[in-house]
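Secondary and tertiary structure notes
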Amino acid sequence: MVTDPRRTLGALFDAALAAVAPRLVLPPHLPEPPRGRIAVLGFGKAAAEMARVFEAHWPSPFEGFAVTRYGHAVRCRTVEVVEAGHPVPDDAAAAAADRALALAAGLGADDLLLCLASGGGSALLAKPAPGIALAGKQALTRSLLACGAAIGEINCVRKHLSAIKGGRLAAAAAPAGVLTLAISDVPGDDPATIASGPTVADPTDGADARGILARYGIEAGPAVDAVLSGPAAETPASLANAQFAIVARARDALDAAAREAERRGIAARILGDDLAGEARELGAAHAVLARDAASGGRPLVLLSGGETEVTLPRPGFGRGGRNTEYLLALAAGLGGAAGIWAIACDTDGIDGTEDAAGAVLAPDSLARAAAAGLDARAALDAHDSYGFFAALGDLVVTGATRTNVNDFRAILVGAGAG
């Protein structure tokens, strides 16, 4: 019997975060200094911390900057850190993209562009293709985020409406070499999808992007239609000057959590590091798995990662993110089953657009909610998972973690009352 399940779940999440921290994962992958200059460019939610780790280990002069989400900056000695909008790009993101392209274009054949990439880079480096206004890109981003599209689909559209994504940044740096060191936040760890692959050759084309918009019934307008139907939509299919390495991924975080569970005498089962689909559907499915696992009579933790989706009736509807929505569906499916606890958090510290990383679910959550006049299924239908768990005092608030391998979920069965 686990006597303090809430603290145990927190320890598993802490172990997962520690395993994918830039200070641990980045230094072994740093390259040797090039014959010429080196320029460093960080982009994503982990960019500022990755830049700080880089400068602490780099032995020679360098230039460059990093762009991260508002509130995710850290103080660096030399690297300038700028902040921009996420998940919807803003003027600061557009300025960062212009600056990144200028940095790349100024390099020569003996130089190296070192990119420190992480999730969130798609919004943080945003330069719309010619003919597309930033306001149009912002509106389209909101529609894509609300429609339930997978991250690979969203980023496919982004790439073909961009002047920097889909390998275009690496193309701008030629003949200089490009090395990208990435913390992956996407299911399957596809380099072309992480931050929309600004330094990675792109296997998709404009027709793929048009098909995604049609699949979700998104009317993007004549300007978008014109770009996606013309040559400006096409991205580089090959890049001779670019290399790519993933330094941390969801599996690393889950493996670390499993080791911590086993150290505590709890068996661990990893359900997968790339689970996707609707958050509420995955929560309901995991409720069935948890009930089955509870019949075994011994402590067990079910771990999973990946990135789910939440389909909203309109952009901006509801409060919360995919992790708290998953937990709300899990709660409804468990119906207060004894001895089952869970945590679901985004490893970047922000679930959706609120201030929480996620939440903890306890066996008495539904009973406490009912006493407060709350109904889990009504909250689920209203996509108000944040309000539900906030009322219970069960939100997990970490602040910016400055890493990002996406969702972390742990269901602890055979636990005590806590």
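This text goes with the structure placed above it.
Presented here is a report on the structure given in the accompanying data block.

Rules used in this analysis
- Residues numbered from 1 in each chain as written.
- Predicted model: local features only at pLDDT ≥ 70, side-chain atom pairs only at ≥ 80, totals over all residues.
- Heavy atoms only, no water.
- Helix = DSSP H or I, 4+ residues; strand = E, 2+ residues; numbered from the N terminus.
- Buried < 20%, exposed > 50% of the residue type's maximum accessible area, 1.4 Å probe, protein only.
- Pairing = 2+ DSSP bridges.
- Axes fitted to C-alpha atoms, helices over the stretch in contact; angles between N-to-C directions.
- Core = buried A, V, L, I, M, F, W, Y, C linked by side-chain atoms within 4.5 Å.
- Contact = heavy atoms within 4.5 Å.
- 1 Å grid on protein atoms, 1.4 Å probe; cavity = no way out; pocket = protein on both sides within 12 Å on 5 of 7 lines; lining within 4 Å.
- Points joined across faces, edges and corners; volume = space filled by probe spheres on them.
- Nonpolar A, V, L, I, M, F, W, Y, C, P; charged D, E, K, R; others polar.
- Parallel < 35°, antiparallel > 145°, perpendicular 65-115°, else oblique.
- Left-handed = near helix turned anticlockwise from the far one by under 90°.
- Expected span 1.5 Å × (residues − 1).

Here the bond from His 86 into Pro 87 is cis, since omega is 10°, no more than 30 degrees from zero. With respect to the helices and strands, the residue Pro 87 is situated in the loop between β3 (80–84) and α4 (91–105). Here Ala 174 and Pro 175 are connected by a cis peptide whose omega angle stands at 10°. With a phi angle near 55°, Asp 189 is a residue other than glycine that sits in the positive phi range. With respect to the helices and strands, Asp 189 occurs in the loop between β5 (177–183) and α9 (206–215). Of the residues examined, Asp 189 reaches a relative accessible area of 17% and is grouped as buried.

It is worth spelling out the sheet that holds β3 at this point. As a general point, the strands of a sheet are linked pairwise by backbone hydrogen bonds and lie either parallel or antiparallel. Here we have six strands laid out as an open sheet, ordered β3-β2-β1-β4-β5-β6, and parallel in their pairing. Strand pairing shows two members of the sheet lacking a second neighbour, β3 and β6 (242–248), which therefore form its edges. Taken over all neighbouring pairs, the strand axes of this sheet differ in orientation by 15° on average, direction set aside. Sheet topology note: the strand β2 (residues 63–69)/β3 ladder contains five bridges and is parallel.

A word on the nonpolar core. Counting residues in hydrophobic clusters, the biggest one holds 54 residues, and the most contacted among them are Ile 343 and Phe 408. Setting aside its immediate chain neighbours within four residues, Ile 343 contacts Leu 9, Phe 13, Leu 327, Ala 359, Val 360, Val 396, Phe 408, Arg 409 and Ala 410. If you look at the next biggest cluster of nonpolar residues, it comprises 33 residues, including Leu 41, Phe 65, Leu 124 and Val 178.

As a volume, the largest pocket reaches approximately 960 Å³. Contributing to the lining of the largest pocket are 48 residues, with Pro 87, Leu 145, Arg 322, Gly 352 and Thr 353 lying nearest its centre. Elements supplying a minimum of two residues to the lining of the largest pocket: α5 (121–124), α6 (134–146), α7 (151–160) and α13 (322–334). In terms of residue class, the lining of the largest pocket is made up of 17 nonpolar, 18 polar and 13 charged.

Following both chains from N to C, one finds helix α1 (residues 5–19) and helix α11 (residues 250–263) inclined at 135°, their axes separated by 7 Å at the closest point. What the angle tells us is that α1 and α11 run oblique. In this structure, the crossing between α1 and α11 has a hand that is right-handed. The segment α1 lies against α11, with Ala 11, Leu 12, Ala 15, Ala 16 and Ala 19 engaging Asp 252, Ala 253, Ala 256, Ala 257, Glu 260 and Ala 261. For the contact of α1 with α11, the residue count by class is nine nonpolar, no polar and two charged.

Helix length check: α1 (15 residues) gives 21 Å between terminal C-alpha atoms against 21 Å at 1.5 Å per residue, within 8%. Every buried residue of α1 is accounted for by Pro 5, Thr 8, Leu 9, Ala 11, Leu 12, Phe 13, Ala 15, Ala 16, Leu 17 and Ala 19. Summarising the contacts, the buried residues of α1 are in contact with α2 (22–25), α11, β8 (300–306), β9 (340–346), β10 (358–361) and β12 (407–413).

Before going further, it helps to examine empty space enclosed by the protein. It is the rolling of a water-molecule-sized probe over the atoms that shows where space remains empty. Scanning the model with the defined rule gives three cavities of 30 Å³ or more in all. By volume, the largest cavity amounts to about 70 Å³. Ala 331, Leu 334, Gly 336, Ala 337, Ile 340, Leu 361, Ala 362, Pro 363, Ser 365 and Leu 366 together form the lining of the largest cavity. Its residues assigned to classes, the lining of the largest cavity shows eight nonpolar, two polar and no charged.

Under the 1.5 Å per step criterion, the end-to-end length of α13 is 18 Å for 13 residues, consistent within 8% with the ideal 18 Å. Where burial is concerned, most of α13 is hidden: twelve out of the 13 residues are buried. Of the positions making up α13, those classed as buried are Arg 322, Asn 323, Thr 324, Glu 325, Tyr 326, Leu 327, Leu 328, Ala 329, Leu 330, Ala 331, Ala 332 and Leu 334.

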